[in-house]
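# Examination of the molecular architecture
Okay, here's what each chain looks like letter by letter:
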Amino acid sequence: MKYMVILLFSMVLTKSGKAQILSITGKVTDEGGRPVPFASVFVTKQNGTSHNRITGKMTGEDGSFKLMVDSAGTYIIKASCTSFNDFTREINVKGAMNVEPIVLKEKENQLALVAVTAQAPMITKKIDRIVMNVENNALAAGKSSLELMNLAPGVFVNNGMIAINGNPGTRVMVNGKILQLSGDDLTNYLNGLRSDEIQSVEIIAHPPAEYDAQGSGGFINIVLKKQRVAGFSGSVNAGYSQGRYASTNEGLQLNFKKDKLALFGSYSFDKTKDYEDSRLSRTINDSIYYRSQADRINKATAHRVHVGGIYDINSKQYIGLDYTGSFTDGTSPYRSDINIAYPAIRNNQRVNGSYPRSNSRDYHNIGLNYHLTTDSAGSGLVFLYDYTDNDAKVFSSAQSNFYNSNNVFLGDTSFRNQTPSRAKINTMDTKYSKVFNKTDVFSIGAKFTASRIDNSAVYESFENNTWVNKTALNYLYDYKENIAAGYMNYSGRLLNTSIQLGLRAENTRTEGNLITSNINTKRNYFNLFPTVFLKHSTNKDNSNYLNFYYGRRIERPSYNDLNPYETYADNYSIGRGNPYLTPSYTNSLELGFTLRNKYSITAAYDKQKDIIAQYAIQSPADSLITIYTRQNFGKRTNAGIRLYAPFGLSRWWAWNNNLSLQRQSITLQDIDIKETIFSLQMNQVFTLPKQFSVNLNGMYFSHIIMGNYVLDHIFTMDVGVQKKMLKNKLIAKVAMNDLFNTLRINGDIYYSNVNIGRLEQKRQTQTINLSLIYNFNLGKAFTVKKMESSNADERGRL
């Protein structure tokens, strides 16, 4: 490890003597002020009667670009994009400059063609991430951000668990802020964040050292829509979804900018209702047959608020402040019918019951960020601070009736519990980046996080016509965690190879105190997390290249998983937290080849030690009872090959395919599961006349391993239609999800290498969604500063 540190610093010293360069930044828009993504922008300089091309790039999804030149002077900046007239302008560069917006005019004859405007491809593969465009995706209609993730290549979501390329432990970011939420808290937040607010979803399987080491499954970054024009702008949206039950969502976004001050705000409200039907069968001790049938109806309301502002102190520095609030209330009436068959029929039992559950969650986040540009090359300092407060209250109860083999009533039981939890998290993050030239950048940063989580529970049972406090089950649990981290990262180019070397160091101190049992657990551990990215071009235009990655990451237990709660789904199903969970570590290797900047094939290997996953075990006190908890497994390996193949079959038909073949295994004392898994995800986009477009998405997995569950094959297909009207201001979307109602979670349960049961689960996945979005704006285009956050990792663990 010390040799990597020496190499990083030697590269920095080698580059420090090079000349300073100047940056040229700007944005490309159409005549309506909308950004033009993936336009070609380049700079030339006159040399006699000809112009020599100096540098060039493609614009990002927001139309922005950044170019580098090595000296002041007069240059020509040019921009071009399909369906638009070319743009040329002379600029006089004296120092780092932000040019006026480049406005492209649409070609007159394009109105008669199939593709009338340039828009971002549905799927874009970059060197460090895959970007899924949401704004122009008809399939996004009425979907929550959690549902959107299942449309992304390589991503699978089930019951709040998110995995990238078969690797669980994925963390979620919103505009670069990692949500400090997990479990039901994360699910509720993401269900409240609707697609109408989202511009794109980024899948980052292997983050560099600048990102927190937490997250064995990488990151998913949700990019929200940004204000794009000066003056007053915004949008309103409304949606309706119909499955077995109906849901609605409404939202409003407002933006205002004048002089140095930019203000923004958004509000959304969702009212949802869906169902979950499950069947569970188990064989106990090779003689007792257990079968349960459960039906749940979920209802929820969610309010989400995001407000903030950015002030330009001067041309080199700005400060931003924003607030996010998410408030959800939900109920889950739950009914089950359990049949237990013994070898002697006279001992058979039947249990039916009602298990209502309600919850309320209030989430608050306040973020402050300061940016300073220190030189003309784009070097800069960033300081971030965040405070997060998450208050969750869960109320559950149970009433069960017992019958014998002749259906004679034997008796009943009733109990209830309250499990409130409060988390307060402070994070501070500072980083400095030094730009030496067009290719060489060195970054260094530090971060400190202080977390405090208070949990408690009160249990009561109904005895002799009164509620009795069961003090033996009550608990108070406090958890404290402090993480101090530092990192350095170097990116540059050597011969024909782009390199990025990073090293992150984290020291973690934790203390869990189960006050009611006088049990105190303390841990103090230090880790280094190196990352290596290499990209070697094999042709002159750099469109063919080999790439290599190595990285080490950590998955800490979520705050929710460490809470030693017990909740009862019914008399024979118990959920339990585990305060003794330890971190899990993952080492990852990838080697790939990309052809013509499009087609890629990648061989990957991941090995994770002490993985954290849900585990279903039989209670030692009563073999009829199943305990669902989290445990550290022995190890998990994932080796496979992935193929990414986008095809432009015509100007109006684009087809993206993501295929993978993996060999996954989970090994521990009681389990040794090995499966070969094939998956295919495809997305087709049809761009039709008169501003119509159609999206078709399909997903297939031959198997999925989740802890000691092995799921059967999973298949689903969605189709969506979009129509733009009133000069693209009004957008109507219709989506039909799970077209053939085939998305079911069925699988086998293993314990001690024996198949002990089977799970069958069906949720409300077949729906038709309607969505209307109206965009309005007054004013000319302006550049929006980036709002960042220091608490990205911690919000993913609440």
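Since we're looking at a predicted model, the values are computed, not measured.

Rules used throughout
- Residues numbered from 1 in each chain as written.
- Predicted model: local features only at pLDDT ≥ 70, side-chain atom pairs only at ≥ 80, totals over all residues.
- Heavy atoms only, no water.
- Helix = DSSP H or I, 4+ residues; strand = E, 2+ residues; numbered from the N terminus.
- Buried < 20%, exposed > 50% of the residue type's maximum accessible area, 1.4 Å probe, protein only.
- Areas by Shrake-Rupley, 256 points an atom, 1.4 Å probe, with all protein chains shown as cover.
- Pairing = 2+ DSSP bridges.
- Phe/Tyr/Trp six-rings, centres within 6.5 Å; stacked < 30°, edge-to-face > 60°.
- Lys NZ or Arg CZ within 6 Å of the ring centre and 35° of its normal.
- pLDDT = per-residue confidence, 0-100.
- Contact = heavy atoms within 4.5 Å.
- Polar contact = N/O pair within 3.5 Å; in protein donor to acceptor, adjacent residues only side chain to side chain.
- Core = buried A, V, L, I, M, F, W, Y, C linked by side-chain atoms within 4.5 Å.
- Salt bridge = Lys/Arg side-chain N within 4 Å of Asp/Glu carboxyl O.

The next subject is the overall build of the protein chain. Helix and strand content of the protein chain: 4 helices and 51 strands. Counting over 798 residues, the protein chain shows a buried share of 54%. A total accessible area of about 34100 Å² is found for the protein chain, and carbon and sulfur atoms account for 56% of it.

Moving on to the sheet that holds strand 15 (residues 177-178). The mixed open sheet is built from 6 strands, whose spatial order is 9-10-16-17-14-15. The open sheet is flanked by strand 9 (123-125) and strand 15, the only strands paired with a single partner. Of the strand pairs in this sheet, strand 16 (residues 198-204) and strand 17 (residues 219-224) are connected by 6 bridges, and their pairing is antiparallel. What sits directly across from V201, in strand 17, is I222.

This part is about the pairing of strand 38 (residues 599-609). Every second residue of strand 38 is oriented toward a common face, the buried set being S600, T602, A604, D606 and Q608 and the non-buried set Y599, I601, A603, Y605, K607 and K609. Pairing analysis gives 11 bridges linking strand 37 (residues 584-595) to strand 38, with the strands arranged antiparallel. Bridge pairing links N587 to K607 in strand 38. Where strand 37 folds back onto strand 38 in an antiparallel hairpin, the turn is made up of 3 residues, including R596, whose phi is positive at roughly 55°. Bridge analysis of strand 38 against strand 41 (residues 635-650) gives 10 bridges, and the strand direction is antiparallel. Considered in strand 41, the bridge of K609 is made with K635.

This model, assessed by the stated rule, comprises 13 aromatic pairs. Note on F533 and Y549: the rings are 4.9 Å apart at their centroids and 50° apart in plane angle, and the pair reads as tilted. Note that F533 is positioned in strand 33 (residues 519-537) and Y549 in strand 34 (residues 545-555), a separation of 16 residues in sequence. We note that F533, like Y549, is buried. Put simply, the rings of W652, W653, W655 and F686 pair up and form one aromatic cluster. Over the face of the ring belonging to Y275 we find R244, whose NZ or CZ atom lies 3.5 Å from the ring centre. Sitting above the plane of the Y403 ring, R350 keeps its charged end 4.6 Å from the centroid.

Okay, the sheet that holds strand 13 (residues 167-168) next. Taken in spatial order, the 3 strands of this open sheet run 11-12-13, and their pairing is antiparallel. The open sheet has two edge strands with one neighbour each: strand 11 (155-158) and strand 13. Pairing geometry for strand 12 (residues 161-164) and strand 13, over 2 bridges, is antiparallel. What sits directly across from I164, in strand 13, is N167.

Turning our attention to the environment of S315. Position of S315 among the secondary structure elements: in the loop between strand 21 (288-314) and strand 22 (317-331). Exposure remark for S315: the relative accessible area of 78% places this residue in the exposed category. As for S315 and M97, which are separated by 218 residues in sequence, their C-alpha atoms are 9.4 Å apart.

Residues with a pLDDT of 70 or more make up 89% of the protein chain, whose mean pLDDT is 83. The model gives residues 2-19 a pLDDT under 50, and that stretch makes 24 contacts with residues more than four places away or in other chains. Taken as a whole, residues 780-784 scores under 50 in pLDDT and shows 15 contacts with residues more than four places along the chain or in a different chain.

This paragraph deals with the pairing of strand 22. Sheet topology places strand 21 next to strand 22; 15 bridges connect them, and they run antiparallel. Paired with N314 across the bridge in strand 22 is Q317. In this structure, the hairpin formed by strand 21 and strand 22 is closed by a connection of 2 residues. Sheet topology note: the strand 22/strand 25 (residues 357-373) ladder contains 15 bridges and is antiparallel.

Residues other than glycine seldom take positive phi values, yet N465 does so here, at roughly 65°. Relative to the assigned elements, N465 resides in the loop between strand 29 (441-463) and strand 30 (466-469). A relative accessible area of 72% places N465 in the exposed class. In the Ramachandran plot, Q691 falls in the positive-phi region, its phi being about 65° despite a non-glycine side chain. Of note, Q691 is situated in the loop between strand 43 (672-688) and strand 44 (692-701).

So, on to the side chain of S145. You can see S145 is positioned in helix 2 (residues 145-149). There is a polar contact of 2.7 Å between the side chain of S145 and the backbone oxygen of L190. Each residue touching S145, except ones within four places of it in the same chain, is listed here: L190, L193, I198 and I222.

Turning our eyes to something else, we now look at the environment of F462. Following the sequence through the fold, F462 ends up in strand 29. Put simply, F462 and R416 are 46 residues apart on the chain and 8.5 Å apart in space, counted from C-alpha to C-alpha.

Moving on, we come to the nonpolar core. Counting residues in hydrophobic clusters, the biggest one holds 40 residues, and the most contacted among them are Y572, F633, Y709 and I714. In terms of residues, this core owes the most to one element, strand 39 (residues 612-618), which gives 4 residues. With residues near it in sequence (within four places) discarded, Y709 still touches Q614, A616, Y628, I704, D748, I749 and L759. Among the nonpolar cores identified, the runner-up in size contains 33 residues, and M122, I123, I164 and Y363 belong to it.

Before going further, it helps to examine the pattern of salt bridges. All chains considered together, the criterion is met by 21 salt bridges. A salt bridge links R504 to D212; its shortest N-O distance comes to 2.9 Å. With R504 in strand 32 (residues 497-514) and D212 in the loop between strand 16 and strand 17, this pair connects stretches of sequence that are 292 residues apart. There is no split in this pair, since R504 and D212 are both buried. Taking the shortest distance from any N to any O, the salt bridge between D295 and R279 comes out at 3.7 Å. Pair noted here: D295 is in strand 21 and R279 is in strand 20 (residues 261-284), with a separation of 16 residues, a long-range link. By sharing partners, the salt bridges in this structure join D212, K447, R504, E506 and R556 into a single network.

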